[in-house]
Amino acid sequence: MGFNLQEDILKYLNAVGDVDTLDIAVHFKTDHQKIIGAVNSIQALGELVSTEAVSHQKWELTEEGTVVADKGSHEARTFYAISPEGMPLKDLKVNLPDKNLHSVGFSKAMARGWICVDKSGEVPVIRQKVSSIQDIVKDHMNLIRQQRASEVEENAKQDYKKRKLVNEVILKSYILRKGNEFRTSVSKPETDLTSEMISNGSWKEKSFKSYNFDALGTPLDCGHLHPLLKVRAEFRRIFLEMGFTEMPTNNYIESSFWNFDALFQPQQHPARDAHDTFFVSDPQYTKNFPTDYLERVKCIHSNGGFGSQGYGYNWKIAEAQKNLLRTHTTAVSARMLYKLAQEGFKPVKYFSIDRVFRNETLDATHLAEFHQVEGVVADYRLTLGDLIGILAEFFKKLGMSKLQFKPAYNPYTEPSMEIFSFHDGLGKWMEVGNSGMFRPEMLRPMGIPEEVNVIAWGLSLERPTMIKYGINNIRDLVGPKVDLQMVHDSPICRLEK
Ligand code: FB9
């Protein structure tokens, strides 16, 4: 099988679109089986074409049917063999040497009423009964030969089939269509364009395999980031592109002073109870704090100041010295803001993403620890509107553009707002974080200037991760029961999608 027939077929397919192999055989005036063979060879080269098997029912003349088409039907030839004055029946066999012609022709002509047998004389004489006839069988044979069988009544065709003048054949052919790797050349496409091809110009005669942009990359046998770390990287990217600087959060253990007192959270607040907080037994206490700052914190809690009446209780340093597992990364924000004030205030944007610990009731979505994401902006004359604006920008990058805010309470922020977003995927409003303006009772003792305000907000890492990756139980995300195949298979994180 030459390449030229295969390429001729490919070029013809390219010109006319989907085509039946029977029509290709007619077009190229070649045998249909040769076309089928060429198509099979093409399919061996790849997905150049696709084929759909189809069946054609057609009528063909037998050898006898061809004779009828050429010479007329048995009955017509019998009719014409009889002389106009008639002839002895025995002479008919002489005129019609073919036994079959004679027997079939005589009975059919009699049946059509074209001839009769006159027995009135001494010998039977066969006579024509009509002056002319139409040889419809011959006409039909020629219609069938011209592939116009559809113009012949079905019962007539069935009769011819019984007379073995025609055969009904089922012909299998294929609809040929362009395949995923269609090309009009059967030479194997090159997969690389080499410098040699360019220099000697041979690239002009070659076909090149088209890029498959849907192809998946080969899976790398390497480490795979846990979904939490993928989401953390996305949050980190968002904060960095918004000009935020990451705070150092590498201390899970914190003093109550920085975790609570510096945030103006009173020492009798329920969150400072062992039912809500993990206290550390060894080392149980931290005792080195900036002395002057500690005195200002003690004073703001006990007596108030900077316009605040304080809480009016006897603040105890022993309570502030207790070590704990930090309950929020806002403790880190407090440390950073104090350091900023001490070094000389300048506007900053800080963020943190790290583990925090709470002695809470465990359930399907809560463990005793989670990752808190926190953003902090300190600048002159910031307002609640600035907080709302930056939240809108931040959450828009998470794919949440419909936000609502609900007044809330935090010990260290006033005003405070819970943040809600309408999640199109889940079709409902959901709480997506908390926010507020740090109170002056927190900022002024640090030494943050009067005209400076600090806005901040927080959310968790686990909640968005579970929603993005369709995980319903926190224990399927973190902990000893995590399926490492889930980690291996987890797709890239696209928060904005
Ligand atoms: O993350 C939370 N929800 C959330 C966030 C993103 C999200 O994205 C989805 C892809 C669409 C979906 C949901 N929340 C905060 C709200 C709730 O899940 C809540 O039930 C659980 N909260 C945690 C604390 O619960 C003990 C989430 C965690 C949280 C809450 C508040 C803060 C930080 C984390 C804060 C703060 C703050 C406030 C003012 C100043 C500084 C920090």
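Treat the numbers as computed from the prediction; the structure is a model and nothing was measured.

Participant: Explain the overall build of the protein residue by residue, including any values.
Facilitator: Counting its regular elements, the protein contains 19 helices and 15 strands. Compactness check: the protein gives a C-alpha radius of gyration of 48 Å against a globular reference of 23 Å for 497 residues, more than 25% above the reference. Summarising its shape, the C-alpha atoms of the protein cover approximately 155 × 65 × 45 Å along the three principal directions. Evaluated residue by residue, the protein yields a buried proportion of 42% over its 497 residues. In the protein, 70% of the contacts between residues at least 6 apart in sequence involve partners at least 24 apart.

Participant: Describe the nonpolar core, naming the residues involved and giving the relevant values.
Facilitator: Phe235, Phe394, Phe395, Leu398 and Trp457 are the most contacted members of the largest nonpolar core, which totals 36 residues. When contributions to this core are tallied by element, the ones reaching two or more residues are α11 (227–241), β10 (348–357), β11 (369–380), α16 (384–396), β13 (413–423), β14 (428–438) and β15 (452–460). With near-sequence residues (within four places) excluded, Phe395 lies in contact with Met400, Leu403, Ile419, Val432, Trp457 and Leu459.

Participant: So what's going on with the environment of Ile448? Residues and values would help.
Facilitator: Along the chain, Ile448 turns up in the loop between α17 (440–443) and β15. Linking Ile448 and Leu340, residues 108 residues apart in sequence, is a C-alpha distance of 8.0 Å. Residue contacts for Ile448: discarding those within four places in its chain leaves Leu337, Ala341, Phe345 and Leu443.

Participant: Requested: an account of the pairing of strand β4 (residues 115–118), with residues and values cited.
Facilitator: Bridge analysis of β4 against strand β5 (residues 125–128) gives four bridges, and the strand direction is antiparallel. Across the sheet, residue Ile115 finds its bridge partner in β5, namely Gln128. Between β4 and β5, which pair antiparallel one after the other, the connecting turn spans six residues.

Participant: Lay out the packing of helix α4 (residues 63–71) against helix α8 (residues 136–145) with the relevant residues and their values.
Facilitator: Running from amino to carboxyl end, α4 crosses α8 at an angle of 115°, the nearest separation of the two axes being 8 Å. Taken as a pair, α4 and α8 cross one another with a handedness that is left-handed. Two secondary-structure elements touch here, α4 through Gly65, Thr66, Val68, Ala69 and Asp70 and α8 through Val137, Lys138, Met141, Asn142 and Arg145. Residues belonging to the contact of α4 with α8 are distributed by class as follows: four nonpolar, three polar and three charged.

Participant: Could you give an account of the side chain of Thr329, naming the residues involved and the relevant values?
Facilitator: Along the chain, Thr329 turns up in the loop between β9 (323–325) and α15 (330–343). With a relative accessible area of 0%, Thr329 lands in the buried category. Only 3.3 Å separates the side chain of Thr329 from the side chain of Glu374, close enough to count as a polar contact. If we ignore the near neighbours within four places in the chain, the residues touching Thr329 are Ser352, Asp354, Val356, Gln372 and Glu374.

Participant: Describe the site of the ligand, naming the residues involved and giving the relevant values.
Facilitator: Of all residues adjacent to the ligand, which total 25 residues, the nearest are Arg358, Glu431, Leu459, Ser460 and Arg463. A distance of 3.0 Å is found between a nitrogen atom of the ligand and a backbone nitrogen or oxygen belonging to Glu431. Between the ligand and the protein, one listed contact pairs an oxygen atom with a backbone N or O atom of Ser460 at 2.8 Å. Coverage of the ligand by the protein chains reaches 87% of its 860 Å² of free accessible surface. Looking at the shell around the ligand, the elements with two or more residues in it are β11, β13, β14, β15 and α18 (462–468). Take the shell around the ligand: its biggest share by element is seven residues, from β14. Of the residues assigned to the shell around the ligand, the class counts are nine nonpolar, eleven polar and five charged.

Participant: Help me get a handle on the pattern of salt bridges, residues and values and all.
Facilitator: Counted according to the given criterion, the structure contains 30 salt bridges. The partner of Arg127 in a salt bridge is Asp118, and the shortest N-O contact between them spans 3.2 Å. A salt bridge links Glu241 to Arg237; the nearest nitrogen and oxygen atoms lie 3.1 Å apart. Within this pair, Glu241 and its partner Arg237 are both found in helix α11, separated by four residues, close to a single helical turn. For Arg237, a relative accessible area of 35% gives the class partly exposed. Overlapping salt bridges, with partners in common, bring together Glu234, Arg237, Glu241, Glu393 and Lys397 in one network.

Participant: So what's going on with the side chain of Ser352? Which residues, and what values?
Facilitator: Along the chain, the position of Ser352 falls in strand β10. Assessed through its relative accessible area of 0%, Ser352 is described here as buried. Here Thr329 takes part through its side chain, which lies 3.3 Å from a polar atom of the side chain of Ser352. Residues within four places of Ser352 in sequence aside, it is in contact with Met247, Thr249, Thr329, Gln372, Val373 and Glu374.

Participant: Outline the sheet that holds strand β2 (residues 49–61), listing residues and values.
Facilitator: In spatial order, the strands read β1-β6-β2; together these three strands make up an open sheet with antiparallel pairing. Strands at the two margins of the open sheet, each flanked by one partner only, are β1 (19–20) and β2. Relative to strand β6 (residues 166–178), β1 is paired through two bridges, and the arrangement is antiparallel. Counted as the bridge partner of Val19 is Leu176 from β6.

Scoring rules and cut-offs
Residues numbered from 1 in each chain as written. Predicted model: local features only at pLDDT ≥ 70, side-chain atom pairs only at ≥ 80, totals over all residues. Heavy atoms only, no water. Helix = DSSP H or I, 4+ residues; strand = E, 2+ residues; numbered from the N terminus. Rg over C-alpha atoms; globule rule 2.2 N^0.38 Å. Buried < 20%, exposed > 50% of the residue type's maximum accessible area, 1.4 Å probe, protein only. Contact = heavy atoms within 4.5 Å. Core = buried A, V, L, I, M, F, W, Y, C linked by side-chain atoms within 4.5 Å. Pairing = 2+ DSSP bridges. Axes fitted to C-alpha atoms, helices over the stretch in contact; angles between N-to-C directions. Left-handed = near helix turned anticlockwise from the far one by under 90°. Nonpolar A, V, L, I, M, F, W, Y, C, P; charged D, E, K, R; others polar. Polar contact = N/O pair within 3.5 Å; in protein donor to acceptor, adjacent residues only side chain to side chain. Near = heavy atom within 4 Å. Areas by Shrake-Rupley, 256 points an atom, 1.4 Å probe, with all protein chains shown as cover. Salt bridge = Lys/Arg side-chain N within 4 Å of Asp/Glu carboxyl O.

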